[in-house]
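Each chain is listed here by its residues.
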Amino acid sequence: MAAPRSAERGTARRKMFRRRTFVECMPLSAGTTFALLLFGGLAFFFASFVTLSSARYTAPRRQLLETRAVRPGYGPAYDAEVAARARGGSVKNDDLSERRRAAVREAMRHSWQGYKKYAYGEDELEPITRTGSNAFGHLGATAIDAIDTLWLMGLEKEYLEARELVADFPKRMMEASPLSTFECTIRVLGGFMSTYYLTGDELYLNNARELGDRLLFAYSRKGVGMPSGSVSLNEGYESYWHVNEDFESHLLAEFGTTQLEFYALSKETGDMKYAKASAKPLEAVHGMYPNSFLLPTHFNNLGEIIPPMRYTMGARADSYYEYLLKAWVQAGSHRDEMVHDTGRRWEGAMDATIKELVHRRGGVTSLVEMEGMNVFAKDFLHPRPSGSLQMDHLIKRMRMDHLSCFVPGMLALGAQKAKHLLHVEKSLQYMEV
């Protein structure tokens, strides 16, 4: 199976964590790289935790759909006042912060102008040769990745140029080569939903719906509904890259990192088929291991653990834990309907992480990994009667994956957003770690 590229996953995850903070309130560096990392995907995480917690989201679904009918172009999660506060800056910073923000904004404008001049419509710009390349199905990936950032920065001309390109997405989708299901979900579906939440423009919701329908073909009709590693959007079938799905290995971070986007799409369309598809494999694994909150990285089509037995907050597991918390926060009053026990699972996973993976030495705190000494021992691959996995055969590997660096932010987010889930003492413990 083609595993997600570590660099892209790390970027996507960090983008999600930066979306909560308004542009105008950030003490920013003037560096171009920092600018792109900071603003590249601000909107989806911002929209999930600000707009989804608004009064609109707590209203009954029938009322939400009626609201859309009365106000064409404005979905129930769109809040014009909240969106306006995010755009362009409404709070005056000190002079140094203002100069930094202006430099970052200009860096974004420069980057977009280079893309528009040399690679408009292509997936990426090759800066040395000044040509375009298409490693992402020729969907215009740069425009999709950048459009919410252009809107947030108030770059009106550049935003409209990106919108013009994105408007052609359905046609481009029908000509796309097979794509990573994981990447297409977090980058494209998430990008459309974030921009819809910020603008209220139905174009993005319509694109998201069409893409969501195509992505559903990746979810297996066998076993517990694990998604395939790649999907053909134009033909509507699981990619030919996987010859026999019965022996396909599924990563925890793949089938556990679609819930935010699919839940949001279900909420906005009123069609729960998207949420149900993404929730099915997660529910199966949680049901099979009800008291094992820290899970290894590899599973088969039936939701069973397969070697290698590796426990980590890094690659192949990382964003699963992130989405447990964020899906719980996102769902609000609809938790029983949409995310079930993700809050409890996240709390249990963090407790296990602190116990098993947090390592302190010489004043330095790090997150290590655990691996099985005998990874093919079947006794260790199945839960005890209590529903927990045996971990006494594991050994610690004194290494820290760079992708696990998101954990401090996740713990802080949980301590802030899950106050009624966590005891005060536990919130303080998470912040201390």
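Reading guide: rules and limits
Residues numbered from 1 in each chain as written. Predicted model: local features only at pLDDT ≥ 70, side-chain atom pairs only at ≥ 80, totals over all residues. Heavy atoms only, no water. Helix = DSSP H or I, 4+ residues; strand = E, 2+ residues; numbered from the N terminus. Expected span 1.5 Å × (residues − 1). Buried < 20%, exposed > 50% of the residue type's maximum accessible area, 1.4 Å probe, protein only. Pairing = 2+ DSSP bridges. Phe/Tyr/Trp six-rings, centres within 6.5 Å; stacked < 30°, edge-to-face > 60°. Lys NZ or Arg CZ within 6 Å of the ring centre and 35° of its normal. Core = buried A, V, L, I, M, F, W, Y, C linked by side-chain atoms within 4.5 Å. Axes fitted to C-alpha atoms, helices over the stretch in contact; angles between N-to-C directions. Parallel < 35°, antiparallel > 145°, perpendicular 65-115°, else oblique. Left-handed = near helix turned anticlockwise from the far one by under 90°. Contact = heavy atoms within 4.5 Å. Nonpolar A, V, L, I, M, F, W, Y, C, P; charged D, E, K, R; others polar. Salt bridge = Lys/Arg side-chain N within 4 Å of Asp/Glu carboxyl O.

A. Quick look at helix H12 (residues 202-215). A rise of 1.5 Å per residue sets the reference length of H12, with its 14 residues, at 20 Å; its end C-alpha atoms lie 20 Å apart and thus fit the reference within 8%. Three or more residues of H12 are buried, namely Leu203, Tyr204, Leu205, Asn207, Ala208, Leu211, Gly212 and Leu215.

B. Looking closely at the sheet that holds strand E11 (residues 369-372). If you trace the three strands from one edge of the open sheet to the other, you get E8-E11-E12, paired in antiparallel fashion. The open sheet is flanked by strand E8 (310-311) and strand E12 (394-397), the only strands paired with a single partner. Across four bridges, E11 lies against E12 in antiparallel orientation. Note that in E12 the partner of Glu369 across the bridge is Arg397.

C. Focus on the pairing of strand E9 (residues 358-361). Examined bridge by bridge, E9 and strand E10 (residues 364-367) share four bridges and lie antiparallel to one another. The residue bridging His359 from the neighbouring strand is Ser366, located in E10. Adjacent in sequence and paired antiparallel, E9 and E10 are bridged by two residues, among which Gly362 carries a positive phi angle near 60 degrees.

D. Region of interest: the packing of aromatic side chains. A full pass over the atoms with the stated rule returns nine aromatic pairs. With centroids separated by 6.0 Å and ring planes inclined at 40 degrees, the aromatic side chains of Tyr196 and Tyr197 adopt a geometry described as tilted. Residue classification places Tyr196 among the buried residues on the basis of a relative accessible area of 0%. When its relative accessible area of 1% is taken as the criterion, Tyr197 is described as buried. Ring geometry for Trp346 versus Tyr430: centroids 5.7 Å apart, planes at 90 degrees, classification edge-to-face. Separated by 84 residues along the polypeptide, Trp346 in helix H18 (residues 342-356) and Tyr430 in helix H20 (residues 424-432) bring together distant segments of the chain. With respect to burial, Trp346 and Tyr430 carry one shared label: buried. What links up through ring pairs into an aromatic cluster is the set Trp112, Tyr115 and Tyr120. Lying over the aromatic face of Tyr120, Lys116 brings its terminal NZ or CZ to 5.3 Å of the ring centre. Against the face of Phe136 rests Arg187, its NZ or CZ located 4.5 Å from the ring centre.

E. Examining the nonpolar core more closely. The biggest cluster of nonpolar side chains holds 51 residues, and the ones touching the most others in it are Met193 and Leu211. Ranked by size, the runner-up nonpolar core spans 40 residues in total, among them Trp328, Val329, Ala349 and Ala352.

F. Layout of the packing of helix H8 (residues 141-152) against helix H11 (residues 181-199). Where H8 meets H11, the closest approach of the two axes is 9 Å, and the angle between their N-to-C directions is 25 degrees. Our classification of the angle between H8 and H11 gives roughly parallel. Considering only the axes of H8 and H11, their crossing is left-handed. Within the contact between the two elements, H8 uses Ala141, Ile144, Asp145, Ile147, Asp148, Trp151 and Leu152 and H11 uses Arg187, Val188, Phe192, Ser194, Thr195, Leu198 and Thr199. Class assignment of the residues belonging to the contact of H8 with H11 gives a composition of eight nonpolar, three polar and three charged.

G. Main features of the pattern of salt bridges. The final tally for this structure, using the stated rule, is 19 salt bridges. With its nearest N and O atoms 2.7 Å apart, the salt bridge here joins Glu322 to Lys326. A residue pair is termed a helical-turn pair when its members lie 3 or 4 positions apart in one helix, as Glu322 and Lys326 do in helix H16 (residues 318-331) at four residues. Of the two residues examined, Glu322 and Lys326, each falls in the buried class. Each of Arg310, Glu369, Glu371, Arg397 and Arg399 takes part in one network of salt bridges that share partners.

H. Region of the structure containing the packing of helix H7 (residues 95-119) against H8. It is the contact of H7 with H8, at a shortest axis distance of 12 Å, that shows an interaxial angle of 150 degrees. The angle between the axes of H7 and H8 places the two elements in the roughly antiparallel class. As for how H7 packs across H8, the hand of that crossing is left-handed. Contacts between H7 and H8 involve Met108, Trp112 and Tyr115 from the first element and Thr142, Ala143, Ala146, Thr149 and Leu150 from the second.

I. Spotlight on the environment of Glu304. As for its position among the elements, Glu304 is in the loop between strand E7 (298-299) and E8. For Glu304, a relative accessible area of 29% puts it in the partly exposed group. When the C-alpha positions of Glu304 and Tyr289 are compared, they lie 9.3 Å apart, and in sequence the two are 15 residues distant. Sequence-distant contacts of Glu304, defined by excluding residues within four places in its chain, comprise Met288, Tyr289, His298 and Phe299.

On their own, these measurements won't tell you what the molecule is for.
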